[in-house]
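One-letter residues, chain by chain:
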Amino acid sequence: MNAWEFKGVTKRYGPVTALGGVDLDVGEGETVALLGPNGAGKSTLLSIGLGLVAPGSGTATVRGRPPLEALRAGGVGVLPQDSGLLEDVRVGELVTAVAGMYPRPLPPERAMRAAGVEELAGRRVGALSGGQRQRVRFALCLAGDPTLLVLDEPTVGLDVEGRRALWQEVRARTAAGRTAVFATHYLTEAEEYADRVVLLAAGEVVADGPVATVKALVGGAEVRCTLDGADPSGLEALPGVRQVSVEGRAVTLRTNDSDATLRALFAAYEGVRDVRLEGTDLESAFVTLTGGRG
Amino acid sequence: MGAYLRLELVRGFRSPVNLVMLTGFPVVLYLLWTNVLDVAPRGWQGDAAAYAMVSMATYGAMGGALFVGGAIALERGNGWLRQLAVTPLPAHGYVTAKLVSAAAGVLPSIVAVLAAGALLSGVRLPAGTWAALVPLIWVGVLPFAALGVAFGYTLKGQAATVAMIAVYFALSVLGGLWLPVETMPDAMRTLAEYSPAYQAGSMGWRALAGQPPEGVSLAVLAGWTLLFAALGLWRYRRAL
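Residues numbered from 1 in each chain as written. Chains lettered and ligands numbered in written order. Predicted model: local features only at pLDDT ≥ 70, side-chain atom pairs only at ≥ 80, totals over all residues. Heavy atoms only, no water.

- With an unreviewed UniProt entry as reference, chain B is termed ABC transporter permease, source organism Nonomuraea aridisoli.
- Recorded under Subcellular location (unreviewed entry), the UniProt text for chain B is reproduced unchanged: "Membrane". (UniProt positions renumbered as here; feature names shortened; annotations may be inferred.)

- Per an unreviewed UniProt entry, chain A carries the name ABC transporter ATP-binding protein and comes from Nonomuraea aridisoli.
- Within the UniProt record for chain A, the comment given under Subcellular location (unreviewed entry) is "Cell membrane".

### Here we look at the overall build of chain A
Alright, step 1. Within chain A, the secondary structure is distributed over 11 helices and 13 strands.
Alright, step 2. The C-alpha extent of chain A, read off along each of the three principal axes, is 65 × 45 × 35 Å.
Alright, step 3. In chain A, buried positions account for 49% of the 294 residues.
Alright, step 4. Taking contacts inside chain A between residues at least 6 apart in sequence as the whole, the part at least 24 apart equals 66%.
Alright, step 5. Accessible area for chain A stands at about 12600 Å²; split by element, carbon and sulfur atoms hold 50% of it.
Alright, step 6. A distance of 5 Å separates the average location of the 31 positive side-chain charges in chain A from that of its 37 negative side-chain charges. (Helix = DSSP H or I, 4+ residues; strand = E, 2+ residues; numbered from the N terminus. Buried < 20%, exposed > 50% of the residue type's maximum accessible area, 1.4 Å probe, protein only. Contact = heavy atoms within 4.5 Å. Areas by Shrake-Rupley, 256 points an atom, 1.4 Å probe, with all protein chains shown as cover. Lys, Arg positive; Asp, Glu negative; His and termini not counted. Charge placed at Lys NZ, Arg CZ, Asp CG, Glu CD.)

### Brief notes about the UniProt feature "domain: ABC-2 type transporter transmembrane" (unreviewed entry) in chain B
Alright, step 1. UniProt annotation of "domain: ABC-2 type transporter transmembrane" (unreviewed entry) refers to residues 49-234 of chain B when read in the numbering used here.
Alright, step 2. With 78% helix and 0% strand, residues 49-234 of chain B has its two end C-alpha atoms placed 41 Å apart.

### Here's the deal with the interface of chain B and chain A
Alright, step 1. Opposite the 19 residues of chain B that make contact, chain A presents 25 residues.
Alright, step 2. Both faces combined, the contact of chain B with chain A buries some 2000 Å², and carbon together with sulfur accounts for 61% of it.
Alright, step 3. Where chain B touches chain A, the interface holds 3 salt bridges.
Alright, step 4. Residues Asp88 of chain A and Arg11 of chain B are paired through a salt bridge, measuring 2.9 Å at the closest nitrogen-oxygen approach.
Alright, step 5. Remark: the boundary between chain B and chain A carries 10 residue pairs in polar contact (both at pLDDT 80 or more).
Alright, step 6. If you list the elements that add at least two residues to the side of chain B that touches chain A, you get helix 1 (2-14) and helix 5 (80-84) of chain B.
Alright, step 7. If one sorts the elements of the side of chain B that touches chain A by residue count, helix 1 of chain B sits on top with 6 residues.
Alright, step 8. Looking at side-chain class alone, the side of chain B that touches chain A contains 11 nonpolar, 4 polar and 4 charged residues. (Buried area = accessible area lost by both parts, 1.4 Å probe. Salt bridge = Lys/Arg side-chain N within 4 Å of Asp/Glu carboxyl O. Polar contact = N/O pair within 3.5 Å; in protein donor to acceptor, adjacent residues only side chain to side chain. Nonpolar A, V, L, I, M, F, W, Y, C, P; charged D, E, K, R; others polar.)

### With respect to the pairing of strand 3 (residues 31-35) of chain A
Residue and element names in this part refer to chain A.
Alright, step 1. Burial analysis of strand 3 places 5 of its 5 residues in the buried class, the great majority of the element.
Alright, step 2. Burial along strand 3 is two-sided: the face carrying Thr31, Ala33 and Leu35 and the face carrying Val32 and Leu34 are both buried.
Alright, step 3. Relative to strand 7 (residues 179-184), strand 3 is paired through 5 bridges, and the arrangement is parallel. Within the sheet, the bridge partner assigned to Thr31 lies in strand 7 and is Ala180.
Alright, step 4. Bridge analysis of strand 3 against strand 8 (residues 196-201) gives 4 bridges, and the strand direction is parallel. Counterpart to Leu35 in the pairing with strand 8 is Leu199. (Pairing = 2+ DSSP bridges.)

### Topic: the environment of Thr184 of chain A
All names here are of chain A.
Alright, step 1. Within the secondary structure layout, Thr184 lies in strand 7.
Alright, step 2. Using a relative accessible area of 1% as the deciding quantity, one classes Thr184 as buried.
Alright, step 3. The spatial distance from the C-alpha of Thr184 to the C-alpha of Thr155 is 8.3 Å, given a sequence separation of 29 residues.

### Considerations on the packing of aromatic side chains
Two measures describe an aromatic ring pair: the distance that separates the ring centres and the angle between the ring planes.
Residues and elements named next belong to chain B.
Alright, step 1. Scanning all chains against the criterion turns up 17 aromatic pairs over all chains.
Alright, step 2. Centroid distance Tyr153 to Tyr236: 5.2 Å. Interplanar angle 85°. Geometry classified as edge-to-face. Placement of Tyr153 in the loop between helix 8 (142-152) and helix 9 (158-174) and of Tyr236 in helix 12 (residues 215-239) is noted, with a sequence separation of 83 residues between them.
Alright, step 3. Owing to a relative accessible area of 3%, Tyr153 belongs among the buried residues under this scheme. (Phe/Tyr/Trp six-rings, centres within 6.5 Å; stacked < 30°, edge-to-face > 60°.)

### Examining the side chain of Thr129 of chain B
Alright, step 1. Examined against the element boundaries, Thr129 of chain B turns out to sit in helix 7 (residues 127-140).
Alright, step 2. The contact partners of Thr129 of chain B, leaving out residues within four places of it in the chain, are Ala207 and Leu208 of chain B.

### Let's talk about the UniProt feature "transmembrane region" (unreviewed entry) in chain B
Alright, step 1. Per the UniProt entry, the sites bearing "transmembrane region" (unreviewed entry) are residues 12-33, 48-74, 95-120, 132-155, 162-181 and 215-234 of chain B in this numbering.
Alright, step 2. End-to-end, the C-alpha atoms of residues 12-33 of chain B are 28 Å apart, and along that stretch the chain is 95% helix and 0% strand.

### Here we look at the domain arrangement of chain A
Accessible area lost upon the coming together of the parts is a frequently used measure of interface size.
Alright, step 1. When its domains are assigned, chain A resolves into domain 1 (4-217) and domain 2 (219-289).
Alright, step 2. Using only C-alpha atoms to locate each centre, domain 1 of chain A and domain 2 of chain A end up separated by 36 Å. (Domains from an automatic or database assignment.)

### What to know about the environment of Ala197 of chain B
Residues and elements named next belong to chain B.
Alright, step 1. By the element assignment, Ala197 lies in helix 11 (residues 196-208).
Alright, step 2. Judged by its relative accessible area of 0%, Ala197 falls in the buried class.
Alright, step 3. Spatially, the C-alpha atom of Ala197 lies 8.7 Å from that of Phe144, the residues being 53 residues apart in sequence.
Alright, step 4. Ignoring sequence-local partners within four residues, the contact set of Ala197 consists of Met62, Phe144, Leu171, Ser172, Gly175 and Leu177.

### Overview of the nonpolar core
Alright, step 1. Of all hydrophobic cores here, the largest spans 63 residues; its most connected members are Val91 and Leu94 of chain A together with Tyr4, Trp80 and Tyr94 of chain B.
Alright, step 2. In this structure Tyr94 of chain B touches Tyr4, Glu8, Ala71, Ile72, Glu75, Leu81, Leu84, Leu89 and Tyr153 of chain B, once residues within four positions along its chain are discounted.
Alright, step 3. Of all hydrophobic cores here, the second largest spans 51 residues; its members include Ala50, Leu174, Met184 and Met203 of chain B. (Core = buried A, V, L, I, M, F, W, Y, C linked by side-chain atoms within 4.5 Å.)

What follows is the structure in structure tokens.
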């Protein structure tokens, strides 16, 4: 039985199609990254999958049950994107109260340690920084010791250490056979932590597969440099280059093989300078992949 | 729900708003009227200190019940309910926890004013009357808890608090909790007697004379409770 399943899920908001028929199976123990530009329908899909929003048509199930039923039974831990916290309580009190709602919770101290808020247990929630609050929300998400973790942009507002700790915990849980699905804007997070990537654009799944497969599809990197009198056709002929843009002296090359492109670039253009290599920015990659639909 | 209820109770008893507005303020107001100023209406026959004690205890309890809605509105506004929506706690469990903790939270405001009456203003009543006053006042403010829920699921954030303070004062003045309805013009008095705050107070006032609540009090209170509960339920379902 799949940990999470979507069958022909659609959703319209007035004239806007938020989801245009999404089929998705998430197997037990998988770590799936849901990627897509703003407005692609990631949050809508997650909300429908949790039973918080009714689909226009189609169905979503968690281990074969209606999602809301699974949520109420305590099998799902969710880190929502836009939720708030109680301000006038201590972190420890909040985590303890939420853990108490679940049938088989983690000890609250364990959930707080996993989220890196153990030392904040005695602090008032209202006095926390944005990053600390996000960690508390992660602790709440873990409190019920769920078999399915659903994280909507979990690392927003977290510092480097916070991100590392969060992914370490997610990884530990999936290594133990639990399932995690997360929506993110950061391709690197998907690359490092997901077994499988689902790309959503304009409410449709445009790619779904192992990270390496999808990475090849989204493609490569950007080489930026400064070059006097650059000729686009010459640059296009460099190995690996898929796309060239020239604005005055500023040149941007999109490439599938940055090593080969760079070697050839230096060899062919003596005057090239300020060369920088940048990873593919997800938003722009999507524009390429989805023909501007994103 | 038990774990969440515990948290709500702790919050309620720790809240400075509850302490100051719903317990401190009625006590201070009461002492001002009975021990400092001489504001008993001319020709007033009864024990003004006892009468005002019931009025202020009802006033404080009414606030405690009504302000359930303030908390709901605030927590809806800041996204806490979106967080709760992904836990096993169903929405009705949240409202129940709020109502139970408010029901517990109004007890200190009732007891504080009664204690001020007994200890500082020389109110003397039979033991049975003291014991009856607490549940009578407590039951009398039920409609306001329902009204609070309706407000909480209609308005968000501070707007709810402002609206509820206005309704709180208007209903408590109209209900004769500040000045007895005997001081009102006839038309206003008629209106007052059908208002929930008056009927809540009247159960306590009658108890002072050893009389049980009138049927009309119970009927009016039950009517308001049903009306506000229906309103609350409708708003609650709309807001989900």
